[in-house]
Structure formats: structure tokens, C-alpha cells
Amino acid sequence: MAADLQTPASSVSFLSPEKIPENNAFQYQGDLDKVKRQLGRQHLQMIAIAGCIGTGLFYGLGEILALCGPLGALLVYLHVSTVVYGTIMSIGEMAAYAPISGSVVHYTARWLDPAAGFALGWNYCYSTAISIPLEITALTAFVSFWDSNSSHAAIYIAATIVGLFVINLFGVRWFGNSEILFATLKIMLAITLIIGGLVIDLGGGPDHDRIGFRYWIDPGPMVSTLEPGALGRFIGLLVAIVPAAFSVSGFELIAIGAAESVQPRTNIIRAMKFVVFRLVFFYLCSVIIVGMLIPSNYPELSSQSPFVIAFERAGINVLPSIINAIIISSAYSTANTCVFTASRILYGLAVQKQAPKIFATCTKGGVPWVAVIIASLFSFLAFMTVSSSASTVFNWFVSLSTMCGLIGYVTPLSLCDRISITIHRWTVINTTYLRYYYGLKLHGIVPRGIYRSPLQPYAAMWAIFWSVFYMLISGISVFWNFNASSFIASYINLPVILCLFIGYKLWYKTKIQPLAELDFTSHIPTLEETGDEGLLLEKVPFLQKLGIV
């Protein structure tokens, strides 16, 4: 990539691939990387939407509202959005610099520690794979809105699994095109809900009841959780942070597809900026609208979509069915992205010798078919709903996935508050970014044409601090009604990650490399090789184009 970089003469020289220290167990096998670049700009931008807007928005907002009230929910999402923004900028810059297979796992193993990459990769792979049956189980639960016959669950599960296999085995463009469809439905639904909710709030519904900010007054803007008064309102904010962070997660999907993207440096950054717009518009507007339409003490708020409740309360009986249909497509889309993510992470691990070589096997079209099949096999676990209620199995899968992430506020009556998330990934991603940032600085490398956020490295530091804080408070509610199993489920991920990290480090005797010895050149394609040479052209300021200056 030297042709695309400005390197002062006084800077530390690059390490060639053969000079990488032997005590660094990271080995990227470029000859095994056979995926092809087939995802275009429209694919990445829609994947940004499809990966981040899902059941967390359409279904999980009610839980956040019940925990901390309308103002509390708005404050929580504003805060979480700043952490997500910092992480997006970190992963976006690294993906633009090195758009290769493995993405976040590769960067962690390369610039932080191979043991950290191994721990992150297998943890990431398992958590996304076990989420596939979780989403299929959620889908069958949503279908019961129309078909309450539990004997039909096997049919819906089988049809979903067949669809997942077909989309992911036929090529990455099939996946990208399917996500364009799902994202379009999600965008249309989100806009409809926001506008429709505003109309109802202003008295445009069948009952012509002008609601305004009535529920901000009674029962009030914030809710006390676990403790009365101001302390309870503060605890409510802490308890709501983890499920809120889960609902806005998923943006890593764009970087995971970097190795299969056309003009990745150009398109990935555009997609990342699009995610920021999505955070501000869709989530914050939805939080405000839901907070205006439904009181935070509504009894079914934690078990139904808040939008369905809002429109049913307004006397609109047709729209809830439409909402439920798109929520089903959202659950299917999430399962689809989980198959894609798990397979690409497994493929990336194989390419860098941290998983069996067979998982790196690709078709002539560039599909890592072995990894796709292994990831898709997890979907068959959803057939357990045939002999148990969908909600019970949903919670069971959530309990499994807590081994790879964080768990929210634990209560036997709730679904979404027990959904596992993977905030520890954000910590690792931003820590890796700091190594990348200061490594480039030490080497005197200024990437030409590649986006660099003016808020870095402080945005990454901000994200690291709060991600660690989120992990520490993930099981805070357990301490008010202590239960050993709930405590273990909330914090089991930390020792699991440490075991993977320490075990790999002891076995391979890896070391964190000094910044001066980091490799920023080997197997990284140039801008010309990825079709991004247009980024090297000097940009003319807008006012200069107009002839003003």
C-alpha cells in the first residue's frame, strides 16, 4: 500500500512480511483468501440499515420505556449513540485501510495480539451462530399473531431455514440483494410509524384524542426501578443501557463484508456515515414518538411491540398486522445476517490459521460454502419450538448466547431485556484502533485518500471507557434480588473470554508487539487494486467550485 501513503523520511520503515517477529503467532494466509468483491455501494448502504434496524427498534423500545420512562429512554439512547459513533468511526477507518477477510478479528490479531483475535473471533462466531435459532424462534412467535396453532411452527421454521441456505449459498450478491429488500421494508415501516405516530399524537387518529406530551406528565418523564425516588430513576437508566446498546448494535456487519465489497474504501465510509444518520433519525425519533403515545406503566409494554400497542389503542386495527408482517421480515433479515456474519468470521479465522483450514474452502464464485453450512446448521436448533413454547425456547437461547456477550435486566416476564449483546467487542475494536492509530503515527504514515475522523483518537477512548462501564453494570439488577444463576449468566462472558485469551497466549506464547514492529503493509491491497484510486484526487472546496473563493 506504499503507493497510497505519504511517509516522511524520518519515519520508522515498514516491516516486510518475512520480517514479522516469530513470536507473533498471527499468520495471514493470503493464498487461501478466495472471496470475490461483488457487493456494491447500494448493498453496503442497505446492509447498514438492515443490520442496525430490527426487532430492537420495533419490539424492544417498549422495554426501555418501561424501565426508565420517556425522558430516560431518550437520554439512554443519546448516550449509547455517542459510544456507537466512536466505535463506528474506529472500525470504519480500519476497514477502509485494510479491506480484507476477517475484518475486526484480523485487525485485532494483527495490531493488538493474536490471542485477542482468537478469543474475539471464536466468541463472535459462536454468539452470532447461536443467535440464528434465536431469531427464527422469535419469528415463529410473531407468526402466532395470526396463526396460534403451535403445530404449524415446524413448517415456518423449515421454510425459514431453506431460505437462509439458499440466500447464503448462492453468492454474496444474493445476500446483498435480499438485504436491500429487507432494508427497504424496514425504512418504509420506520418512516410510516414515525409519521403515523405523530399524526395520532396530534389527534389525527379515529378517536381524535390529542395526546401531546400527556404521558410525560402522568406517569411522568422518568421511572424509578428497583428503588424509590431519584436513586430508582438513576438505576432505571443503568438497567436500560444494556438492552438499548443491543438494539443499536449490528453495524460491524459492514466491515465484515469489506473483503467482498467493490470499492470498499469509498463505499464502507459512506455506509458508516449512513449508520450515524440512522441512529439520529430512526431511533431518536422513534423513542420520542413511543414516549408520547404510550404511558411507561402500561402493563403489556414489555411483552409487545410498542407500535402495535400504540395503534391498537388509537383504534387502528389494520396497521398492527402490517407492522407484525414487517417485524417478521426483520427477524428473518437478522437471522440472514447472522448466517453471513458467523460464516465470514469462521472463514476469516481459518484464513489466519486460527480455525481448521477446511473452513476456508470456497466455490468458484467466492462463497466460503463450508463455513456457510456450519453456520447454517445452528438454525436447526429452532425446531425445539415444536415441543416447547416459543417464548420459553427464545429465553433458553438467550441464556446460551449470554456466554458471548452481555445480558440485560433479568425478569421471567420479559423477552427483550434478556437479549445478549456483545459490548466486549466494542471494547476490543476501539482498543485495537488505538494501537492502529498510534502505530501509524509512530511509523509516520498518513493514509492518502482514506477517511480519518477528526474526533479520533478521543472518540475511541470515550467508547472504551463506556463499553467497560456497560459490561460492569450489565447485571446490576441481580444485586437487588440475588440469584446465583442470573449472576453467572450476566458475567460468565468475562471469564470465558479470558480463558480463550490466556489459553491461546500460553499455548502459542504470543506477545503484544511494540508499535514500531506492527505490520501495516503485507496483504493489504492498494487503492488501485480495490478500484478506489479516485480517492487520491484532490477535492476542490465547494465555495471554490462556485467561484466564490
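Look up a bit, the structure's there.
The model shown is predicted, which means the values in this text are computed figures rather than measured ones. (Residues numbered from 1 in each chain as written. Predicted model: local features only at pLDDT ≥ 70, side-chain atom pairs only at ≥ 80, totals over all residues. Heavy atoms only, no water.)

*Asks:* Can you lay out the nonpolar core for me, pointing to particular residues and giving the numbers?
*Replies:* Within the largest apolar cluster, 146 residues are counted, with the highest numbers of intra-cluster contacts made by Phe58, Tyr77, Val80, Tyr97, Trp111 and Ile323. Apart from residues no more than four positions distant in its own chain, Tyr77 is found in contact with Gly56, Leu61, Ile64, Ala244, Ser247, Val248, Tyr283, Leu284 and Val287. (Core = buried A, V, L, I, M, F, W, Y, C linked by side-chain atoms within 4.5 Å. Buried < 20%, exposed > 50% of the residue type's maximum accessible area, 1.4 Å probe, protein only. Contact = heavy atoms within 4.5 Å.)

*Asks:* Requested: an account of the pattern of salt bridges, with residues and values cited.
*Replies:* Counted under the stated rule, the structure contains four salt bridges. Two residues, Arg214 and Asp209, come together in a salt bridge whose shortest N-O distance is 2.8 Å. The partner of Glu260 in a salt bridge is Arg344, and the shortest N-O contact between them spans 2.8 Å. Taken as a pair, Glu260 in the loop between helix 10 (252-256) and helix 11 (264-293) and Arg344 in helix 13 (residues 319-351) lie far apart in primary sequence, 84 residues in all. Neither residue differs from the other here; Glu260 and Arg344 are each classed as buried. (Salt bridge = Lys/Arg side-chain N within 4 Å of Asp/Glu carboxyl O. Helix = DSSP H or I, 4+ residues; strand = E, 2+ residues; numbered from the N terminus.)

*Asks:* Describe helix 7 (residues 172-201), with residues and values.
*Replies:* Taking 1.5 Å as the rise per residue, helix 7 with 30 residues should run 44 Å; its terminal C-alpha atoms sit 42 Å apart, in good agreement. Where helix 7 terminates, the next one or two residues include Gly203, which has phi positive at roughly 95°. (Expected span 1.5 Å × (residues − 1).)

*Asks:* Account for unusual backbone geometry, with residues named and values stated.
*Replies:* Omega for the peptide link from Asp218 to Pro219 comes to 20°, which places this bond in the cis form. If you trace the backbone, Pro219 turns up in the loop between helix 8 (214-217) and helix 9 (229-247). A cis amide bond, omega 10°, links Gln456 with the succeeding residue Pro457. By the secondary structure assignment, Pro457 is in the loop between strand 2 (446-447) and helix 17 (458-473). One non-glycine residue, Lys353, lies in the positive phi region at around 60°. Among the secondary structure elements, Lys353 is positioned in the loop between helix 13 and helix 14 (369-377). A relative accessible area of 44% means that Lys353 is categorised as partly exposed. The phi torsion at Lys509 lies on the positive side, around 55°, for a residue other than glycine. As for its placement among the helices and strands, Lys509 is situated in the loop between helix 19 (493-508) and helix 20 (542-545).

*Asks:* With reference to specific residues and values, describe the environment of Leu284.
*Replies:* Looking at where Leu284 falls in the secondary structure, it is placed in helix 11. Judged by its relative accessible area of 13%, Leu284 falls in the buried class. Residues Leu284 and Tyr77 lie 207 residues apart in sequence; the distance between their C-alpha atoms is 7.0 Å.

*Asks:* Lay out a nonpolar patch on the surface with the relevant residues and their values.
*Replies:* Taken together, the side chains of Val162, Val166, Leu169, Phe170, Trp174 and Trp369 present a nonpolar region at the surface, about 570 Å² in accessible area. Tracing the backbone shows Phe170 in the loop between helix 6 (153-169) and helix 7. With relative accessibility at 54%, the residue Phe170 sits in the exposed group. (Patch = residues over 30% accessible without salt bridge, like charges linked within 9 Å, V, L, I, M, F, W, Y side chains within 5 Å. Areas by Shrake-Rupley, 256 points an atom, 1.4 Å probe, with all protein chains shown as cover.)

*Asks:* So what's going on with the packing of aromatic side chains? Residues and values would help.
*Replies:* A complete count under the given rule lists 22 aromatic pairs for this structure. Relative to Phe380, the ring of Phe165 has its centre 6.2 Å away and its plane inclined at 55°; by these criteria the two rings are tilted. Here Phe165, found in helix 6, pairs with Phe380, found in the loop between helix 14 and helix 15 (390-401); they are 215 residues apart in sequence, far enough to count as distant. Looking at Phe165, the relative accessible area reads 18%, which means it is buried. On the basis of relative accessible area, Phe380 is assigned to the partly exposed category, the value being 41%. (Phe/Tyr/Trp six-rings, centres within 6.5 Å; stacked < 30°, edge-to-face > 60°.)

*Asks:* Provide a residue-level description of the environment of Ala138, including the pertinent values.
*Replies:* Relative to the elements of secondary structure, Ala138 occurs in helix 5 (residues 114-143). As a C-alpha pair, Ala138 and Ala382 span 244 residues in sequence and 9.6 Å in three-dimensional space.

*Asks:* Outline the side chain of Asn168, listing residues and values.
*Replies:* Secondary-structure assignment places Asn168 in helix 6. Overall, Asn168 belongs to the buried group, its relative accessible area being 3%. One polar contact links the side chain of Asn168 to the main-chain carbonyl oxygen of Leu164, over a distance of 3.0 Å. Other than its neighbours up to four places away in sequence, Asn168 contacts Phe175, Asn336, Val339, Phe340, Val367 and Val372. (Polar contact = N/O pair within 3.5 Å; in protein donor to acceptor, adjacent residues only side chain to side chain.)

*Asks:* Go over the side chain of Asp201 with me, naming the residues and quoting the values.
*Replies:* Mapped onto the elements of the fold, Asp201 is located in helix 7. Although Asp201 lies buried, it forms no salt bridge, and the closest oppositely charged side chain, Arg210, sits 7.1 Å away as judged by the N-O distance. One polar contact links the side chain of Asp201 to the main-chain amide nitrogen of Gly212, over a distance of 3.2 Å. (Lys, Arg positive; Asp, Glu negative; His and termini not counted.)

*Asks:* Account for the layout of surface pockets, with residues named and values stated.
*Replies:* Each pocket or cavity is described by its volume, and for the second largest pocket that value is around 380 Å³. Taken together, 16 residues form the lining of the second largest pocket, with Ala116, Val428, Ile497, Leu498 and Phe501 sitting closest to its centre. Top contributing element to the lining of the second largest pocket by residue count: helix 19, with five residues. The residue inventory of the lining of the second largest pocket, partitioned by class, reads eleven nonpolar, four polar and one charged. (1 Å grid on protein atoms, 1.4 Å probe; cavity = no way out; pocket = protein on both sides within 12 Å on 5 of 7 lines; lining within 4 Å. Points joined across faces, edges and corners; volume = space filled by probe spheres on them. Nonpolar A, V, L, I, M, F, W, Y, C, P; charged D, E, K, R; others polar.)

*Asks:* Explain the packing of helix 12 (residues 306-313) against helix 13 to me, and be specific about the residues and the numbers.
*Replies:* Relative orientation of the contacting elements helix 12 and helix 13 amounts to 170°, with a least axis distance of 9 Å. Of the possible angle classes, the one that applies to helix 12 and helix 13 is roughly antiparallel. Contact residues: helix 12 offers Phe307, Val308, Phe311 and Glu312, while helix 13 offers Leu319, Pro320 and Ile323. (Axes fitted to C-alpha atoms, helices over the stretch in contact; angles between N-to-C directions. Parallel < 35°, antiparallel > 145°, perpendicular 65-115°, else oblique.)

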